[in-house]
Amino acid sequence: MKPSAPFLKLSSLRSRLMLLVALAILPLAVMTVVGGMREREQAVQASEENLRRLTNLAAANEAQSIERARQILVDLSSVPDLLGSTSGCNALLADVLDRNEGYVNFGLIQLNGDVSCSAVPMLHPVNLGDRSHFKRAISERRFIAGDYVFGRVIRRHTINLTYPVIDRAGNVAAVVFAAMDLAGLDTFVNDINLPPGSVLVTADANGTIISRRPDPERWFGSRVPARLREAMQSAGRRALVIQDEDGVERLHTFARVGAPTLTDYTVTIGIPTEIVTAGARRAQLMSLVGLAATTMLALLAAWLAGDVLIVQRVRKLKDTATRIAAGELDARSGIGYEREEIGQLAEALDGMASILQKKEAARGLAERELRAADQRKDEFLAMLAHELRNPLAPISTGAHLLKLLHSDNAQITQTCAIIARQVEHMTGLVDDLLDVSRVTRGLVSLSTQVLDLRKVVDDAAEQIRPLIATRRHTVVLDLPLEAATVKGDHKRLVQVVANLLNNANKYTPEGGRIELRLRQDDGDYVLSVSDDGIGMEPALVARVFDLFSQAERTPDRSQGGLGLGLALAKSLVELHGGSVSADSPGLGKGSSFTVRLPRHTQDLPVSIAQSRGQATAATPLKVLLVDDNLDAAHTLQLFLGAGGHTVEVAYCGADAVDVARVFEPDVCLLDIGLPDFDGNELARRLRRMPQSTGATLIAMTGYGRQQDREAAMAAGFDHYMVKPVNTVELSDRLAEVAAQQHPR
């Protein structure tokens, strides 16, 4: 990663102009921000003083109302009729209630808590002995302003103001009370104009709201928010900015209502901070607008000067570079080669374009030659694979036929099995030859099944036995007695083990020792191949699985190879969910390769090859075989005939059409490469004929590329088999057709 270039390098006029603009504007921007902050603080301070005066006035107004109530109660406590008859007391209190606005009831409470008389008629007896203001008036023998209550008699939001009635002996004889209507407690706010969104709150000692403007009815009896209640308890300190329950941030000041001997109430007025700082924000906004205008003018001046001197010329360079990147290598900047930065850059760019133009011409010629060579290579490989598969087909079919005809001869059966396996292995090599890029990139598809690793080792050892015998090596196979079941592709795992054994064979001197051990390790099977050969240096161990990596060759190990074996083995093992590693003590001390594969707990499937053969033999079909390779056609005809099928053979497409018209086949086995027209065209014609439109069409060809398969399926084939045809798979296909035509 390249280090980042320093910001605004002073190597061009444009960067210097931009730097000067930035330096000129920076102090002004700082002063604007700092000035705005100071103006905001001053606005808050000014609002705080005004708000504190308003709050004190509101508290004094409420204290005056409560003091007036106290005086009324003091006067009542000295009236003799108050302690007289109930009717006289009721009349007295009713008259007092009529003469005083803002009250909803007056009453007398006996020492047991019973309300003995009331200005408002009581529908049932009322006892206020549990009220704290009643208890305090008796115990403290003074005026008490109670907390918020919802009246039991009048059913209104009130505060009860109480005063003890003292008899001539100096004892408390009763308690007179006044219930003040909270709706009229705070009339101060009606006489002033608070900004929109402002609130005035009065709370009792418990933090219960007894007055709130606006919308007082909505808030009576509610609790003050925790932070606001905490601030009220220390009323008189500096103003606080508090976010209220409605989400509005307000500046609050606080004041107590009267002296502590009068009430425990606290008043607060809160004004939205947005209104408090509105003037300061407007002033700061104007300053920022001026700053922005100044900045724009300065940048415009720098831009105009830079555009003429720099930008237009740089744009020409950019356009030229873009055209060169788009392939127009004859593009030139047209800028004079002066002795300054842009002129030098233009000269370098035009020179680069000229050199690239020459190199592109040479590269284009080489690319066309390579493309033509690659196409010839692909055509050669496809034809080579086709020609290799054609002779393999009769060999494979003949081996299966011999095995079928001489199943009682163990030697012939074993020999046929060896031939079939070697043909299958050679067919796999041909498949890899057709798609080398697929193999080297690890894109090999797997045909997985549950299999025994011991059988994989046996097949791999048999595959390279001739090479081992040639070099007179001693091979030791240490395999477990029980089945080592894994889930994988038998052919590919045989290829892995064979590659490891072949690698040990090549790099071990004649008469050496090769050991293969298979053991179980927890949930894996571990297969190791060790030799006492030439060994490896640590550097080679680290890259031994890379493509084309090989140890140094000497005349005594000249078996050839491209260095693909171990790389392919590693890719195949990883496709099976395993891993492979290499180790060597050093040069001359041998090497060891270890493969780990996940253990599979499922039992091995029972072979059904015999049942397949019986099903085929029990349900004969009419088979049309079309192949221009006489040996392949003849051996496959014998094999199918041995299975009980009726077979007609044609060696070209035209003959096949004539035969099908009379034979009416159940199955058509068609080669693709026919002398007159290819098998795809033959398949299309057979599909159009009523005698063969319902037949199962199976392609048998030496071409195995994906595009060949797609073309065949588009032509109407049901199945596609690459030569040499796997006779077991072919028998399965025929058995499926027979089962469909003759269900049990």
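Residues numbered from 1 in each chain as written. Predicted model: local features only at pLDDT ≥ 70, side-chain atom pairs only at ≥ 80, totals over all residues. Heavy atoms only, no water.

Enquirer: Even after reading the chapter, I still don't get the sheet that holds strand S17 (residues 591–598), so can you show me in this structure?
Expert: Working definition: the strands of a sheet are paired by backbone hydrogen bonds and lie parallel or antiparallel to each other. The sheet built from 5 strands is open, its strands ordered S12-S14-S15-S17-S16 with mixed pairing. The open sheet has two edge strands with one neighbour each: strand S12 (474–478) and strand S16 (579–583). Averaged over neighbouring strand pairs, the angle between their axes works out to 15° when direction is ignored. Of the strand pairs in this sheet, strand S15 (residues 524–531) and S17 are connected by 8 bridges, and their pairing is antiparallel. From the neighbouring strand, Tyr525 faces S17, where its bridge partner is Leu597. Docked against the sheet, helix H14 (residues 565–575) engages S16 and S17, running at close to 20° with respect to S17. (Pairing = 2+ DSSP bridges. Helix = DSSP H or I, 4+ residues; strand = E, 2+ residues; numbered from the N terminus. Axes fitted to C-alpha atoms, helices over the stretch in contact; angles between N-to-C directions. Contact = heavy atoms within 4.5 Å.)

Enquirer: I'm lost on the pairing of strand S8 (residues 240–243) in this one. Help?
Expert: In regular strands, side chains alternate between the two faces of the sheet. Burial of the side chains of S8 is restricted to one face: Leu240 and Ile242 are buried, whereas none of Val241 and Gln243 on the reverse face is. Where S8 meets strand S9 (residues 249–256), 4 bridges bridge the pair, whose relative direction is antiparallel. Along S9, the bridge assignment pairs Ile242 with Arg250. From the end of S8 to the start of S9, which pair antiparallel, there are 5 residues, and Gly247 there has a positive phi angle of about 85°. (Buried < 20%, exposed > 50% of the residue type's maximum accessible area, 1.4 Å probe, protein only.)

Enquirer: In this structure, what is going on with helix H12 (residues 490–506)? I would like to understand it.
Expert: Since the α-helix packs 3.6 residues into each turn, any two residues three or four apart lie on the same face. Taking 1.5 Å per residue, 17 residues should reach 24 Å; H12 reaches 24 Å between its end C-alpha atoms and fits that length. Counting buried positions along H12 gives 14 out of 17 residues, so the element sits mostly inside the fold. Measuring from the side-chain oxygen of the N-cap residue of H12 to the backbone nitrogen of Lys491 gives 3.1 Å; that N-cap residue is Asp489. (Expected span 1.5 Å × (residues − 1). Polar contact = N/O pair within 3.5 Å; in protein donor to acceptor, adjacent residues only side chain to side chain.)

Enquirer: Where do I start with the nonpolar core in this structure?
Expert: Soluble globular proteins: nonpolar side chains tend toward being buried together. Residues Leu76, Phe106 and Leu161 are the most contacted members of the largest nonpolar core, which totals 44 residues. Residue contributions to this core peak at 9 residues, all from helix H1 (residues 13–77). When residues no more than four places from it in sequence are discounted, the contact partners of Phe106 are Ile72, Leu73, Leu76, Leu93, Val96, Leu97, Cys117, Ser118, Ala119, Phe177 and Ala178. In this structure, Val486, Leu493, Val496 and Val544 belong to the second largest nonpolar core, which totals 37 residues. (Core = buried A, V, L, I, M, F, W, Y, C linked by side-chain atoms within 4.5 Å.)

Enquirer: Is there a simple way to explain the confidence of the model for the protein chain in this structure?
Expert: Reading predicted coordinates in detail is not appropriate for stretches of low pLDDT. Averaged over the protein chain, the pLDDT score is 79; the fraction of residues at 70 or greater is 79%. Contacts from residues 554–562, a stretch scored under 50 in pLDDT, to residues over four places away or in other chains number 16 contacts. (pLDDT = per-residue confidence, 0-100.)

Enquirer: Explain the packing of helix H17 (residues 653–663) against helix H18 (residues 679–688) here, please?
Expert: Two measures define how a pair of helices packs: the angle their axes make with one another and the distance between the axes. Where H17 meets H18, the axes come as close as 10 Å, and the angle between the chain directions of the two elements is 20°. With respect to H18, the element H17 is oriented roughly parallel. The hand of the H17/H18 crossing is right-handed. In contact with Gly653, Ala656, Val657 and Ala660 of H17, H18 contributes Leu682, Arg685 and Leu686. In terms of residue class, the contact of H17 with H18 is built from 5 nonpolar, 1 polar and 1 charged. (Parallel < 35°, antiparallel > 145°, perpendicular 65-115°, else oblique. Left-handed = near helix turned anticlockwise from the far one by under 90°. Nonpolar A, V, L, I, M, F, W, Y, C, P; charged D, E, K, R; others polar.)

Enquirer: It is not clear to me how the packing of aromatic side chains should be interpreted in this structure. Could you clarify?
Expert: For any pair of aromatic rings, geometry is given as the distance between the ring centres together with the angle between the planes. Following the criterion strictly, the structure yields 1 aromatic pair and no others. Ring geometry for Tyr103 versus Phe106: centroids 5.3 Å apart, planes at 40°, classification tilted. Using a relative accessible area of 10% as the deciding quantity, one classes Tyr103 as buried. According to the relative accessible area criterion, Phe106 is buried, its value standing at 0%. In this arrangement the basic side chain of Arg685 is found over the ring face of Phe677, its NZ or CZ atom lying 4.0 Å from the centre. (Phe/Tyr/Trp six-rings, centres within 6.5 Å; stacked < 30°, edge-to-face > 60°. Lys NZ or Arg CZ within 6 Å of the ring centre and 35° of its normal.)

Enquirer: I tried to follow the packing of H12 against H14 on my own but got confused; where do I start?
Expert: Between H12 and H14, the least distance of the axes is 9 Å, while the angle of their chain directions is 145°. Our pair here, H12 against H14, has a crossing hand that is left-handed. Seen from H12, the contacting residues are Arg492, Gln495, Val496, Asn499, Leu500 and Asn503; seen from H14, they are Gly565, Leu566, Leu568, Ala569, Leu572 and Val573. Here the residues of the contact of H12 with H14 are counted per class, giving 7 nonpolar, 4 polar and 1 charged.

Enquirer: Just checking my understanding: could you explain the pairing of strand S2 (residues 115–118) for this structure?
Expert: One ladder, built from 3 bridges, connects strand S1 (residues 103–110) with S2; its direction is antiparallel. Paired with Gly107 across the bridge in S2 is Ser118. Hairpin connection from S1 to S2: 4 residues lie between these consecutive antiparallel strands, with Gly113 at a positive phi of about 100°.

Enquirer: Quick question: what am I supposed to make of the environment of Asp708 here?
Expert: Take Asp708: it is sitting in helix H19 (residues 706–715). Take Asp708: its relative accessible area is 18%, and that puts it in the buried class. Along the primary structure Asp708 and Ile672 are separated by 36 residues, whereas in three dimensions their C-alpha atoms are 9.4 Å apart.

Enquirer: I keep staring at unusual backbone geometry and nothing clicks. Help me out?
Expert: Note: most residues except glycine have negative phi, and most peptide bonds are trans. Even without glycine at this site, Arg472 takes up a positive phi of about 55°. Here Arg472 lies in the loop between helix H11 (453–470) and S12. Overall, Arg472 belongs to the exposed group, its relative accessible area being 55%. Phi is positive for Asp522, which is not a glycine, with a value near 55°. Turning to its location among the elements, Asp522 is positioned in the loop between strand S14 (513–521) and S15.

Enquirer: For this particular structure, what's the right way to read the pattern of salt bridges?
Expert: Pairing between side chains becomes possible if they bear opposite charge and their charged atoms approach one another. Enumeration according to the criterion identifies 23 salt bridges in this entry. One salt bridge connects Arg513 with Glu515, and the closest N-O pair in it is separated by 2.6 Å. Overall, Glu515 belongs to the buried group, its relative accessible area being 17%. Put simply, Arg517 and Glu515 hold a salt bridge, and the shortest N to O gap is 2.4 Å. Connected through shared salt-bridge partners, Arg136, Glu140, Arg142 and Asp264 make up one network. (Salt bridge = Lys/Arg side-chain N within 4 Å of Asp/Glu carboxyl O.)

Enquirer: For this particular structure, what's the right way to read the sheet that holds S1?
Expert: Overall, antiparallel pairing links the 5 strands, which are arranged S2-S1-S5-S4-S3 in an open sheet. Edge positions in the sheet fall to S2 and strand S3 (144–150), since each of these pairs with one other strand and no more. Neighbour-to-neighbour, the strand axes of the sheet open up by a mean angle of 30°, direction not taken into account. Across 7 bridges, the pairing between S1 and strand S5 (residues 172–181) is antiparallel. Considered in S5, the bridge of Phe106 is made with Ala178. Packing of helix H2 (residues 86–99) onto the sheet brings it into contact with S1 and S2, and relative to S1 it is tilted by some 150°. The strands touched by helix H3 (residues 132–140) within the sheet are S1, S3, strand S4 (157–166) and S5, with S3 carrying the most contacts at an inclination of about 165°.

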